[in-house]
Every structure is written in C-alpha cells, then in structure tokens.
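# Summary of structural features
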Amino acid sequence: MAIYSFWIFDKHCNCIFNREWTLAADTNSGTMNSKQNEETAKLLYGMIYSLRSITQKLSKGSNTNDVRSISTGKYRVHTYCTASGLWLVLLTDFKQQSYSQVLQYIYSHIYVKYVSHNLLSPQDFADNESEMRGQGIRKITNKKFLQSLEAFLVPMINN
C-alpha cells in the first residue's frame, strides 16, 4: 500500500491544496502546493468530474450512485465529495481497495478543525469572478492543517 499524492478541490474547480510524495523511503520528499502540479490538477479534476457526470446521467437522477474510486493499471484514485462541493482526492497504488473512511476522517477531523473553523482562513478560496472558473491561485497554507495532515498520512505512505 502506497500513497502518492493528496489533493483538495473547491466548488469552483480550483485546486486549493496538493501534496505529492516522490520517494516512499523519504516522507519529506515531494512537493506541496507546487505550481508544477497545476496541469496535473486540471486533468485529475476533469477526469473525476467527467466520470461523475456520466454516472449521474446513467443512474437517472439517483444521488446514491457516486464515483468513490477510479482504477487504472497502476494507480487508484479515491474521491470524497462533501455537501459544500469540496472534493478530497487521494492517489494510491492499485492494491488498496478503499480509502473513503480515510478521506472522510481528513475532512471531518482535520480540514473542518483547522480550515473551516479558522476565522483567518477564507471560506471561499475564489477571490473574484475569474477564480470561480478554475483559475484560482489561493491555497491552504494553515500550518496546523499541514502538520496534522502530514502526521495522519505519513504512516500510511510506506505500509
């Protein structure tokens, strides 16, 4: 079981957080909120959005049919969508079946505690009209959030 990257997208298609680990042996390796990952973020969001809209059309209006994981030959993409339109995405190896409880824990115990309940953190990361169309540049930089997320995910990286 290996975790490769973690992403958070807001309701405006903006990637408001990303963390990528490049070496499994070194949990400090990789990038966080890097500009290099912008194209990857757009592709990842587009793939999830497209598959989600296809499943909603095929299920004829039922909201119970939602995309929770997408598998490829080498990777598995795990998704968790909140009622506010926030998407948490975890990219792992193919072997792990479900990380939905992990993503739900990250949202309810880490994101809500350190970002939503923080009065200094914006509730909406889109600053103006152009940022409401996937062009946002604001990222989550709360140190407590970053530390808690790292402390929670790092033990799972090498398992």
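Residues numbered from 1 in each chain as written. Predicted model: local features only at pLDDT ≥ 70, side-chain atom pairs only at ≥ 80, totals over all residues. Heavy atoms only, no water.

## Observations concerning the overall build of the protein chain
We apply this condition: Secondary structure elements are defined from DSSP: runs of H or I of at least 4 residues count as helices, runs of E of at least 2 residues count as strands, and each element is numbered from the N terminus. The criterion used for residue contact is that any of the two residues' heavy atoms lie within 4.5 Å.
A count of helical and extended segments in the protein chain gives three helices and six strands. When the helices and strands of the protein chain are listed from N to C terminus, the series reads β-β-β-α-β-β-β-α-α. Contacts in the protein chain between residues far apart in sequence, at least 24 positions, make up 53% of those at least 6 positions apart.

## So, the environment of Ser148
By secondary structure assignment, the location of Ser148 is in helix α3 (residues 143–157). For Ser148 and Ile110, which are 38 residues apart along the polypeptide, the C-alpha to C-alpha distance reads 6.7 Å. With sequence-adjacent residues up to four places away left out, Ser148 is seen in contact with Ile110 and Tyr114.

## Brief notes about the packing of aromatic side chains
Selection criterion: Two rings from Phe, Tyr or Trp (for Trp, the six-membered ring) form a pair when their centres are within 6.5 Å of each other. A pair whose planes differ by under 30 degrees is stacked, one over 60 is edge-to-face, and the rest are tilted. Only protein chains enter the accessibility calculation, which uses a 1.4 Å probe; a residue whose area is less than 20% of its type maximum is buried, one above 50% is exposed, and one in between is partly exposed.
Scanning all chains against the criterion turns up eleven aromatic pairs. Look at Phe9 and Tyr45: their rings are 5.2 Å apart centre to centre, the planes differ by 55 degrees, and that puts the pair in the tilted class. On the criterion of sequence distance, the pair formed by Phe9 in strand β1 (residues 3–9) and Tyr45 in helix α1 (residues 38–58) is long-range, its members being 36 residues apart. Residues Phe9 and Tyr45 agree in their burial class; the two are buried. Between Tyr107 and Tyr111, the aromatic rings sit 5.8 Å apart at their centres with planes inclined by 20 degrees, giving stacked as the arrangement. With Tyr107 and Tyr111 both in helix α2 (residues 100–116) and four residues apart, the pair spans about one turn of that helix.

## Here's the deal with unusual backbone geometry
At Cys13, a position not held by glycine, the phi torsion is positive, near 75 degrees. Note on Cys13: relative accessible area 35%, which makes it partly exposed.

## Focus: α3
Formally: For a helix, the expected span equals 1.5 Å multiplied by the number of residues minus one. Bending is quantified residue by residue as the angle between axes fitted to the seven-residue window ending at that residue and the seven-residue window starting at it. Pairs of N or O atoms are called polar contacts if they sit within 3.5 Å, as long as, within protein, a hydrogen donor faces a hydrogen acceptor (for residues adjacent in sequence, only side-chain-to-side-chain pairs).
The end-to-end C-alpha distance of α3, which contains 15 residues, comes to 20 Å, matching closely the 21 Å that a straight helix rising 1.5 Å per residue would cover. Its maximal kink placed at Ala151, α3 deviates by approximately 25 degrees, while the proline Pro155 follows within four residues. Every buried residue of α3 is accounted for by Phe145, Leu146, Ser148, Leu149, Glu150, Leu153, Met156 and Ile157. The inward-facing, buried residues of α3 abut β1, β2 (15–20), β3 (31–32) and α2. One side-chain oxygen of the residue at the start of α3 lies 2.9 Å from the amide nitrogen of Lys144, identifying that residue as Asn142.

## Concerning the nonpolar core
Inclusion rule: In this text, buried Ala, Val, Leu, Ile, Met, Phe, Trp, Tyr and Cys residues form a nonpolar core when linked through side-chain atoms within 4.5 Å.
Judged by nonpolar contacts, the single largest core of 24 residues is most densely connected at Phe6, Ile8, Phe145 and Leu153. For this core, the elements supplying multiple residues, two or more each, are β1, β2, β6 (87–93), α2 and α3. If one sorts the elements of this core by residue count, α2 sits on top with seven residues. Setting aside its immediate chain neighbours within four residues, Phe6 contacts Phe17, Asn18, Arg19, Trp21, Leu88, Val89, Leu90, Leu103, Ile106, Leu149 and Leu153. Formed by twelve residues, the second largest nonpolar core is a distinct cluster that contains Trp7, Phe9, Leu44 and Ile70.

## Quick look at the pattern of salt bridges
Under the convention used in this document: The salt bridge criterion pairs a side-chain nitrogen of Lys or Arg with a carboxyl oxygen of Asp or Glu, the two atoms within 4 Å.
On inspection of all chains with the given rule, the structure shows one salt bridge. For Glu150, the salt bridge goes to Arg19, with nearest N and O atoms at 2.6 Å. With Glu150 in helix α3 and Arg19 in strand β2, the pair connects residues that are 131 residues apart, well separated along the chain. For the residue pair Glu150 and Arg19, the accessibility class agrees, reading buried in each case.

## Here we look at α2
The end-to-end C-alpha distance of α2 is 20 Å, clearly below the 24 Å that 17 residues give at a rise of 1.5 Å each. Where α2 bends most, the angle comes to about 35 degrees, and this point is Ile110. All of the buried residues in α2 are Val102, Leu103, Ile106, Ile110, Tyr111, Val112, Tyr114 and Val115.

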